[in-house]
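Each chain, written out:
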Amino acid sequence: MKYLQTKNIVDYFVNSLRKVFATNNTWVNSDNEVVELKEGNKPQIYDHQPREPEDYPIVVIEGAGGPLDHWALDDFVDNVWIVERLGSVPNVYEILGNGHSQAFGIKVSNDLKLRSVGIALKYADKLNGDITVSLSVASASAPGVTIASGTIAAFEDTDFVWKWVELEPQPILLADQLYYVKLEAPNDCIYYVERDTNPDTSLTLYPYWANRYNSGDWNISSSSTLFAVAQGPVNKRLGGGIQANLSLRVEAKDIHTMHSVEDIIFIYLNMFRHSNLKREEAITYPPTINTELNDLSDMTEAGLRIINISKGAESVRERGNDRIFSIILNVETYSFWSEDFEVDTLKKVFPTIENYN
């Protein structure tokens, strides 16, 4: 779910209507003559005002704001933990230490400030020693040069436990970039790490696992992962319901084109208003509009609903030697507003003696 405010709602409408007119070039319905646009009459869609000389027809979308829903059941104040889970059902374990190094990949869809990583580990045999944890950008699909690191202190838990480590300097993972978290332990100790050999790719979108013995080459698998968690910042999210009213102004140099563009938008928005994520096929009753059902559901998935659509009065004005015909469509929408505030960790705010010197 995405949480929208008025500026985001205007962007969604601009992009959706641009897509409608980009994929429908002729708009001819010879039976009912409800909508017909001649070639070259595809309108330009703008948010607020055109930023270049107008080439009519045009559609201008403006956000007029609207009231907050103070009685909405979806008003909320919540903590948002940004977490990337790697693996879900560990079914084998791997050796860490005694010459064996392990690594798991992290690849995120949005930039992520990495707060800490957690790994499921247990002590196995021999002496116990500190585990070095390092983060690197992938190089040729293998762990590369270290950009941040931390240490897991030696322990003797013989059952699998979660061990957490903060990496310094605090890294920011860039979207769509593969990173590796590498684990290394001294040769005179042995730990075990858990691995999921068949991760659920709906939970772990980009599973990667790498291991090597001594100074040999890394063995890479893009179909499994160690059992681990990458934690981003903790946010305090405030939000609730918002009603935003939009004004869609259609302008053209002739009244027929103005009405054709208006009809197309009116039909499209009403299709969207009645769209349903569970619908299996689009409406095919004439006049047929070649709009993909997925396009109709984009805004629904984003949490945006159309409440009502109404038409205003027609008007005409002179611009140079031209007459510009225009009409207003008023659209009432309902969505969610939110704002995220990053919460400092206790480590950052805990008072120490240095604060009082």
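Fair warning: this is a prediction, and the values are worked out from it, not measured in the lab.

Asker: An account of the overall build of the chain is needed here, citing residue identities and associated values.
Answerer: Along the backbone of the chain there are four helices and 20 strands. Taking all 357 residues of the chain together, the buried fraction comes to 44%. Taking contacts inside the chain between residues at least 6 apart in sequence as the whole, the part at least 24 apart equals 78%.

Asker: Pulling in residues and values, what's your account of the pairing of strand β13 (residues 179–184)?
Answerer: The element β13 is extensively covered by neighbouring structure, given that five of its six residues are classed as buried. Alignment of strand β6 (residues 100–106) against β13, held across five bridges, turns out to be antiparallel. In the sheet register, glycine 105 faces β13, and the bridge partner there is tyrosine 180. Inspection of the sheet shows strand β9 (residues 131–137) paired to β13 by six bridges, in the antiparallel sense. Bridge pairing in β13 links threonine 132 to glutamate 184.

Asker: Help me get a handle on the pattern of salt bridges, residues and values and all.
Answerer: One pass over the full model with this rule turns up eight salt bridges. Note that glutamate 251 is salt-bridged to arginine 317, the shortest N-O span being 3.1 Å. Taken together, the positions of glutamate 251 in strand β18 (residues 228–252) and arginine 317 in strand β19 (residues 305–319) put the pair 66 residues apart, joining distant regions of the chain. Given a relative accessible area of 5%, glutamate 251 falls into the buried group. Notably, a salt bridge pairs aspartate 322 with lysine 253, separated by 3.4 Å at the nearest N-O pair. With aspartate 322 in strand β20 (residues 322–343) and lysine 253 in the loop between β18 and α2 (255–273), this pair connects stretches of sequence that are 69 residues apart. Residue classification places aspartate 322 among the partly exposed positions, given a relative accessible area of 30%. The structure contains a network of salt bridges with shared partners spanning Glu62, Arg249, Glu251 and Arg317.

Asker: Account for the pairing of strand β8 (residues 116–126), naming residues and giving values.
Answerer: Of all 11 residues in β8, eight are buried, a share of seventy percent or more. The pairing of β8 with strand β11 (residues 161–165) spans five bridges and is classified as antiparallel. In the sheet register, leucine 121 faces β11, and the bridge partner there is valine 161. Here β8 runs beside strand β14 (residues 189–196); their pairing, made up of five bridges, is antiparallel. Bridge pairing in β14 places aspartate 125 opposite isoleucine 190.

Asker: I'd like to hear about the packing of aromatic side chains, residue by residue, with values.
Answerer: Evaluation of the coordinates by the stated rule reveals five aromatic pairs. With 4.4 Å between their ring centres and 45° between their planes, tyrosine 93 and tyrosine 192 make a pair best called tilted. Here tyrosine 93, found in strand β5 (residues 92–97), pairs with tyrosine 192, found in strand β14; they are 99 residues apart in sequence, far enough to count as distant. What makes tyrosine 93 partly exposed here is its relative accessible area of 48%. Measuring from centroid to centroid gives 5.0 Å for phenylalanine 155 and tyrosine 191, while their planes differ by 35°, and the two rings are tilted. Residue phenylalanine 155 is found in the loop between β10 (146–152) and β11, and its partner tyrosine 191 is found in strand β14; the two are separated by 36 residues along the sequence. On the basis of relative accessibility, which here comes to 0%, the residue tyrosine 191 falls in the buried class. Taken together, the ring pairs connect Tyr123, Phe155 and Tyr191 into an aromatic cluster. In this arrangement the basic side chain of lysine 122 is found over the ring face of tyrosine 93, its NZ or CZ atom lying 5.9 Å from the centre. Over the face of the ring belonging to phenylalanine 155 we find lysine 163, whose NZ or CZ atom lies 4.5 Å from the ring centre.

Asker: Help me get a handle on the environment of proline 43, residues and values and all.
Answerer: Considering the arrangement of structural elements, one finds proline 43 in the loop between α1 (6–23) and β1 (44–47). With a relative accessible area of 4%, proline 43 lands in the buried category. Measuring from C-alpha to C-alpha, the distance between proline 43 and leucine 17 comes to 9.7 Å, with 26 residues separating the pair along the chain. Excluding residues within four positions of it along the chain, proline 43 makes contact with Phe21, Pro57, Ile58, Val59 and Val261.

Asker: An account of unusual backbone geometry is requested, with residue identities and associated values reported.
Answerer: Residue tyrosine 56 is joined to proline 57 through a cis peptide bond whose omega torsion reads 5°. You can see proline 57 is positioned in the loop between β1 and β2 (58–63). A cis geometry characterises the amide bond from glutamate 168 onward to proline 169, with omega recorded as -10°. One non-glycine residue, alanine 140, adopts positive backbone phi at about 55°. Of note, alanine 140 is situated in the loop between β9 and β10.

Scoring rules and cut-offs
Residues numbered from 1 in each chain as written. Predicted model: local features only at pLDDT ≥ 70, side-chain atom pairs only at ≥ 80, totals over all residues. Heavy atoms only, no water. Helix = DSSP H or I, 4+ residues; strand = E, 2+ residues; numbered from the N terminus. Buried < 20%, exposed > 50% of the residue type's maximum accessible area, 1.4 Å probe, protein only. Contact = heavy atoms within 4.5 Å. Pairing = 2+ DSSP bridges. Salt bridge = Lys/Arg side-chain N within 4 Å of Asp/Glu carboxyl O. Phe/Tyr/Trp six-rings, centres within 6.5 Å; stacked < 30°, edge-to-face > 60°. Lys NZ or Arg CZ within 6 Å of the ring centre and 35° of its normal.

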